[in-house]
Amino acid sequence: YQAFAQIQLVRSDIGQIGDKVYYGVIDSFSQNISVGSAGANKVWDFNNLSPLLYDSAMLTDPSFVPEAPTSANLAIVWSNEEDNEFWLVNDSGLQAVVLNPVTSDEVLSSRMPFPITYGMAGSDTVDFSITGTPDELGIPLPVDSVRITAYIRNEMEFDAWGSLTIPSGTFDALRMKNVSYTDVLVEVQVFGSWSELGSEIDTAYEYTWFGKDKKYQLAYAEADKNGRMSF
């Protein structure tokens, strides 16, 4: 017999300033990896995954991170310092904090409420616009100004729980599925007149497994546009 524990996540299960996260990266997409279906008493066996590299990240006070958003109270500082994450986290939930690179406006996106249980679902929408010169935005175009408008909708569901096995061990886990819909419009201004340059609509699927008192995610997977998984 195998016994799995359906878990509930609260603020204390997410890391605090001073915690360190160790992780393995498998950045090549594969058709042979499946995240499985939704539901209860699931078994996820990722023990045979072979990371291409191992690395670490620090959970840090954002005030010590250059150009960090002022509304964030927790920073995830990765070794490459390019994919740093900033969170506003408290007993009621966790929000991601993102800076508009031109205006420095802070955009908050709800990622999860507390407490978290199996079957919970929610959504969040973020709209923002960036306007600047091609030099400011790093876009080599012979125009006066560029305006980028983005509409992002995240639909989150804690859709499965069960037993997760990864190279570091076996854990009772709760899985979050996140579907992100992004609509980006690019416009350019020439001699005072705005015109549409192009638009792109993208859908991304992400799966995250959490465990009790593990401080961070146990595993993370994302799908490319062809449905191939990367961990």
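Residues numbered from 1 in each chain as written. Predicted model: local features only at pLDDT ≥ 70, side-chain atom pairs only at ≥ 80, totals over all residues. Heavy atoms only, no water.

Caption draft 1: Seen up close, the overall build of the protein chain. When helices and strands are tallied, the protein chain shows 1 helix and 13 strands. Reading the protein chain from its N end, one meets helices and strands in the order β-β-β-β-β-β-β-β-α-β-β-β-β-β. Considering the protein chain as a whole, with its 231 residues, one finds that 38% of them fall into the buried category. Put simply, of all contacts in the protein chain between residues at least 6 apart along the chain, 60% involve residues at least 24 apart. Here the protein chain has roughly 12900 Å² of accessible surface; of this, 49% comes from carbon and sulfur atoms. (Helix = DSSP H or I, 4+ residues; strand = E, 2+ residues; numbered from the N terminus. Buried < 20%, exposed > 50% of the residue type's maximum accessible area, 1.4 Å probe, protein only. Contact = heavy atoms within 4.5 Å. Areas by Shrake-Rupley, 256 points an atom, 1.4 Å probe, with all protein chains shown as cover.)

Caption draft 2: Structural detail: the sheet that holds strand 6 (residues 93-99). Within the open sheet, the 6 strands sit side by side as 1-3-4-5-6-7. Their pairing is antiparallel. Here the strands that pair on one side only, and so sit at the sheet edges, are strand 1 (20-25) and strand 7 (106-113). For this sheet, the mean angle separating the axes of adjacent strands, direction not counted, is 30 degrees. Where strand 5 (residues 85-90) meets strand 6, 4 bridges bridge the pair, whose relative direction is antiparallel. What sits directly across from V89, in strand 6, is L94. (Pairing = 2+ DSSP bridges. Axes fitted to C-alpha atoms, helices over the stretch in contact; angles between N-to-C directions.)

Caption draft 3: Representation of the side chain of D13. Note on placement: D13 falls in the segment before strand 1. Relative accessible area serves as the criterion here: at 5%, D13 is assigned to the buried category. A distance of 2.9 Å separates a polar atom in the side chain of D13 from a polar atom in the side chain of K212. Here D13 is in contact with Q8, G211, K212, D213, K214, K215 and Y216, once residues within four sequence places are set aside. (Polar contact = N/O pair within 3.5 Å; in protein donor to acceptor, adjacent residues only side chain to side chain.)

Caption draft 4: Region of the structure containing the packing of aromatic side chains. Tallied over the full model, the rule gives 4 aromatic pairs. When the ring of W44 is compared with that of W209, the centres are 5.9 Å apart and the planes differ by 75 degrees; the resulting orientation is edge-to-face. Taken together, the positions of W44 in strand 2 (residues 39-45) and W209 in strand 11 (residues 193-210) put the pair 165 residues apart, joining distant regions of the chain. Accessibility assignment for this pair places W44 and W209 in one class, buried. Between W87 and Y216 the ring centres are 6.0 Å apart and the planes differ by 15 degrees, which places this aromatic pair in the stacked class. On the criterion of sequence distance, the pair formed by W87 in strand 5 and Y216 in the loop between strand 11 and strand 12 (219-223) is long-range, its members being 129 residues apart. Among the residues examined, W87 registers a relative accessible area of 9% and is labelled buried. Among the aromatic residues, ring-to-ring pairing joins W44, F46 and W209 into one connected group. Above the ring of W194, the side-chain terminus of R147 is found at 4.0 Å from the ring centroid. (Phe/Tyr/Trp six-rings, centres within 6.5 Å; stacked < 30°, edge-to-face > 60°. Lys NZ or Arg CZ within 6 Å of the ring centre and 35° of its normal.)

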